[in-house]
Amino acid sequence: MSMIGKEVSAFSVQAFHDNSFKTVSKEDIRGKWSVFFFYPADFTFVCPTELSDLQEHYEAFQKAGCEIYAVSCDTHFVHKAWHDHSESISGLSYPMLADPTHTLSRDFEVLIEDEGVAERGSFIVDPDCRIVSYEVNAGNVGRNAEELLPKLQACQFVREYGNEVCPARWKPGAKTLKPSLELVGAL
């Protein structure tokens, strides 16, 4: 079943961010664009490459008015330990959400019940706390932030200009399409 349009359920979780522990809740995402970036576990192999790739593009996400939330089923204490022991993770400046009770991973339908870990799921959530785009990869396939950012920007564009749509490979400033009878079969 599609997750598009699903409203994120109420949640309150612990996070490791800016070298401290914080609580993040649904109220923190309301009114803002968010990316929930689920990954299987701390101290693994592919995960640090993805999280450091997101960090390299974090400024662009921030410029687009979007906060990134990395989420695994580890505790916030494990997030801190990973931060303290991994060169690539120590450079992260976005929040790492702890989901040991599986509240978020169940709500976003990425929990692997038998293993107690999350699939590699990337979710773009609009200011109304609704999922507008998502992708779930097999655990052995890493994601690329350069592909996620244009999806976010396209979602923002169509939210603002609902009578236009973004074609494949669209980037901000590029031509969009206005659906009409004249376009049917013309492209």
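Keep in mind that what you see is a predicted model, and the values were worked out from it rather than measured.

Structural notes on the environment of F37
Item 1. Inspection of the secondary structure puts F37 in strand β3 (residues 33–38).
Item 2. Ignoring any residue separated from it by four or fewer positions in sequence, one finds F37 in contact with E50, L51, L54, Y69, A70, V71, G121, S122, R143 and L148.

Digging into the pairing of strand β9 (residues 131–137)
Item 1. As paired elements, strand β8 (residues 120–125) and β9 share six bridges and run antiparallel to each other. Residue pairing in the sheet places I124 in a bridge with S133 of β9.
Item 2. Taken together, β8 and the strand that follows it, β9, pair antiparallel across an intervening segment of five residues, in which C129 is found at a positive phi of about 65°.

Quick word on the UniProt feature "active site" (unreviewed entry) in the protein chain
Item 1. Under the present numbering, the feature "active site" (unreviewed entry) in UniProt falls on C47.
Item 2. Within the element layout of this structure, C47 appears in helix α2 (residues 46–63).

Observations concerning the sheet that holds β3
Item 1. One open sheet accounts for seven strands, arranged β2-β1-β5-β4-β3-β8-β9; its pairing is mixed. A strand with exactly one partner marks an edge of an open sheet, and here the two such strands are β2 (20–25) and β9. Pairwise comparison of adjacent strand axes, ignoring direction, gives a mean angle of 25° for this sheet.
Item 2. Bridging between β3 and β8 involves four bridges; their strand directions are antiparallel. Bridge pairing links F36 to F123 in β8.

A look at the side chain of Q156
Item 1. Relative to the helices and strands, Q156 is located in helix α6 (residues 145–160).
Item 2. Contact partners of Q156, with chain neighbours within four places excluded, come to W33 and A64.

Comments concerning empty space enclosed by the protein
If a probe the size of a water molecule is rolled over the atoms, the empty space left behind becomes visible.
Item 1. Considering all chains together, one arrives at one cavity of 30 Å³ or more under this definition.
Item 2. In this structure, the largest cavity spans a volume of roughly 90 Å³.
Item 3. The wall of the largest cavity is formed by F37, S122, S133, Y134, E135, R143, N144, A145, E147, L148 and K151.
Item 4. Looking at the lining of the largest cavity, the elements that each hand over two or more residues are β9 and α6.
Item 5. Its residues assigned to classes, the lining of the largest cavity comprises four nonpolar, three polar and four charged.

Observations regarding the nonpolar core
Across soluble globular proteins, nonpolar side chains show a tendency to be buried alongside one another.
Item 1. Residues V35, L51, L54, F61, Y94 and M96 are the most contacted members of the largest nonpolar core, which totals 23 residues.
Item 2. Broken down by secondary-structure element, the contributors of at least two residues to this core are β3, α2, β4 (66–72) and α6.
Item 3. Setting aside chain neighbours within four positions, we find L51 in contact with F37, Y39, A70, W82, I89, L92, Y94 and M96.
Item 4. Judged by nonpolar contacts, the second largest core, of 20 residues, contains M3, L97, L104 and V110.

Some details on the pairing of β4
Item 1. Judged by how many residues are buried, β4 sits mostly within the fold: seven of seven residues are covered.
Item 2. The alternating pattern of β4 places C66, I68, A70 and S72 and E67, Y69 and V71 on opposite faces, both of which are buried.
Item 3. Here β3 runs beside β4; their pairing, made up of six bridges, is parallel. For S34, the partnering residue across the bridge sits in β4 and is E67.
Item 4. For the crossover from β3 across α2 to β4, the handedness is right-handed.

Procedures and definitions
- Residues numbered from 1 in each chain as written.
- Predicted model: local features only at pLDDT ≥ 70, side-chain atom pairs only at ≥ 80, totals over all residues.
- Heavy atoms only, no water.
- Helix = DSSP H or I, 4+ residues; strand = E, 2+ residues; numbered from the N terminus.
- Contact = heavy atoms within 4.5 Å.
- Pairing = 2+ DSSP bridges.
- UniProt positions renumbered as here; feature names shortened; annotations may be inferred.
- Axes fitted to C-alpha atoms, helices over the stretch in contact; angles between N-to-C directions.
- 1 Å grid on protein atoms, 1.4 Å probe; cavity = no way out; pocket = protein on both sides within 12 Å on 5 of 7 lines; lining within 4 Å.
- Points joined across faces, edges and corners; volume = space filled by probe spheres on them.
- Nonpolar A, V, L, I, M, F, W, Y, C, P; charged D, E, K, R; others polar.
- Core = buried A, V, L, I, M, F, W, Y, C linked by side-chain atoms within 4.5 Å.
- Buried < 20%, exposed > 50% of the residue type's maximum accessible area, 1.4 Å probe, protein only.
- Right-handed = clockwise from strand over helix to strand, strands pointing away.

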